Amino acid sequence: MNENIRNSQQISKLCTEVISAHTKAPHDIIVFDEIDSTNNYAKKSASDGALSGTVIIADRQSNGRGRLGRNFISPPASGLYMSVILRPDFGVETAQLLTPCAAVAAAEAVEALSGCKTDIKWVNDLYMNDRKICGILTESSIIPSSHSLDYVIIGIGINVLSVKNYFDAELLAVASSIEDECGVILDRNCLCAEVLNRLDELLTDIESRRFLEEYRRREILTGNLITATAGGASITGKALEIDQNANIVVELGNGTTTVLSSGEANLCRLKKD
Ligand code: BTN
């Protein structure tokens, strides 16, 4: 059977009214069949004055963007590609908590609706059975005169239906979807509403850092030997902990520790003890 037909029959169409019916707080929700990138559209909307809480969603993205300049492959009728515009009243230091906070919201939502264990890999990836099923790209704009936040865009991409016919073998070795990992087909409208509900709730007291407890419980690098790149340099060491600012603390071979706030980190080998 043609996979596109199978998918479009099995997965319901994205619909503003259905999403709104399931959200606890009101959101302006704009749905596209196709767009280059929901983050691009959200940034333009935010610059044009869109309200905090506005959500941009697309059935497919022709130029979905990931971290570090990568593509985020976004096939039709398969995934949830959403960007949330926020106008936070906190400072730029707290803004670095938004990505891990969104990761917890997305992990909780996926797990609540699928019933499948969902892990977090520092800093912003969700994993099921050691394969990535979700990535988050947070982008912000700062007002130069006051150094305060104008807006933040939280872009969340979740692979919902099977990606087997869209990803090549190399990508399938590391990335997957909720359907491929646990055989559950989620309704994207319900999943979107659940992510928004969890995000709204966690954001109300983000500065308390309470969400970090849930982040740490799900984080898979901590306690393991990892390789990491940050600022162009590559390091290897044992990931000790996620600190109060959601940085990862790494113990290097010479016994010193280093704290990474961003970059890329990967598992080197599993802990033996
Ligand atoms: C990553 O894994 O590096 C981050 C991926 C983020 C993808 C989402 S999909 C919705 C939003 N629009 C984009 O262009 N990117 C984000």
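Before reading on, note that the structure itself is shown above.
Below you will find a few notes about this structure. (Residues numbered from 1 in each chain as written. Predicted model: local features only at pLDDT ≥ 70, side-chain atom pairs only at ≥ 80, totals over all residues. Heavy atoms only, no water.)

### A short note on the overall build of the protein
Helix and strand counts for the protein stand at 9 helices and 12 strands. For 273 residues, the compact-globule formula gives about 19 Å, and the C-alpha radius of gyration of the protein, at 18 Å, lands near that figure. By its C-alpha atoms, the protein is 55 × 50 × 30 Å across when sized along the principal axes. For the protein, with 273 residues in total, the buried portion stands at 50%. Taking the intrachain contacts of the protein between residues at least 6 apart in sequence as the baseline, contacts between residues at least 24 apart amount to 65%. With an accessible surface of roughly 12,600 Å², the protein has 49% of that area assigned to carbon and sulfur atoms. Side-chain charges in the protein split into 26 positive and 36 negative, and the spacing between the mean points of these groups amounts to 4 Å. (Helix = DSSP H or I, 4+ residues; strand = E, 2+ residues; numbered from the N terminus. Rg over C-alpha atoms; globule rule 2.2 N^0.38 Å. Buried < 20%, exposed > 50% of the residue type's maximum accessible area, 1.4 Å probe, protein only. Contact = heavy atoms within 4.5 Å. Areas by Shrake-Rupley, 256 points an atom, 1.4 Å probe, with all protein chains shown as cover. Lys, Arg positive; Asp, Glu negative; His and termini not counted. Charge placed at Lys NZ, Arg CZ, Asp CG, Glu CD.)

### Examining the site of the ligand
Neighbouring the ligand are 19 residues, the closest being Ser37, Gln61, Arg65, Arg67 and Lys132. Contact between the ligand and Asn39: a nitrogen atom at 3.5 Å from a main-chain N or O atom of the residue. A distance of 2.5 Å separates an oxygen atom of the ligand from a polar atom in the side chain of Lys132. Considering the ligand on its own, with 410 Å² of exposed area, one finds that the protein chains cover 97% of that surface. The pocket occupied by the ligand, as judged from atoms lying within 2 Å of grid points, is the largest pocket. Contributions of two or more residues to the shell around the ligand are made by α3 (38-47), β3 (79-86), β6 (131-143) and β7 (148-159). Looking at the shell around the ligand residue by residue, the class counts come to 5 nonpolar, 10 polar and 4 charged. (Near = heavy atom within 4 Å. Polar contact = N/O pair within 3.5 Å; in protein donor to acceptor, adjacent residues only side chain to side chain. 1 Å grid on protein atoms, 1.4 Å probe; cavity = no way out; pocket = protein on both sides within 12 Å on 5 of 7 lines; lining within 4 Å. Sits in = over half its atoms within 2 Å of the grid points. Nonpolar A, V, L, I, M, F, W, Y, C, P; charged D, E, K, R; others polar.)

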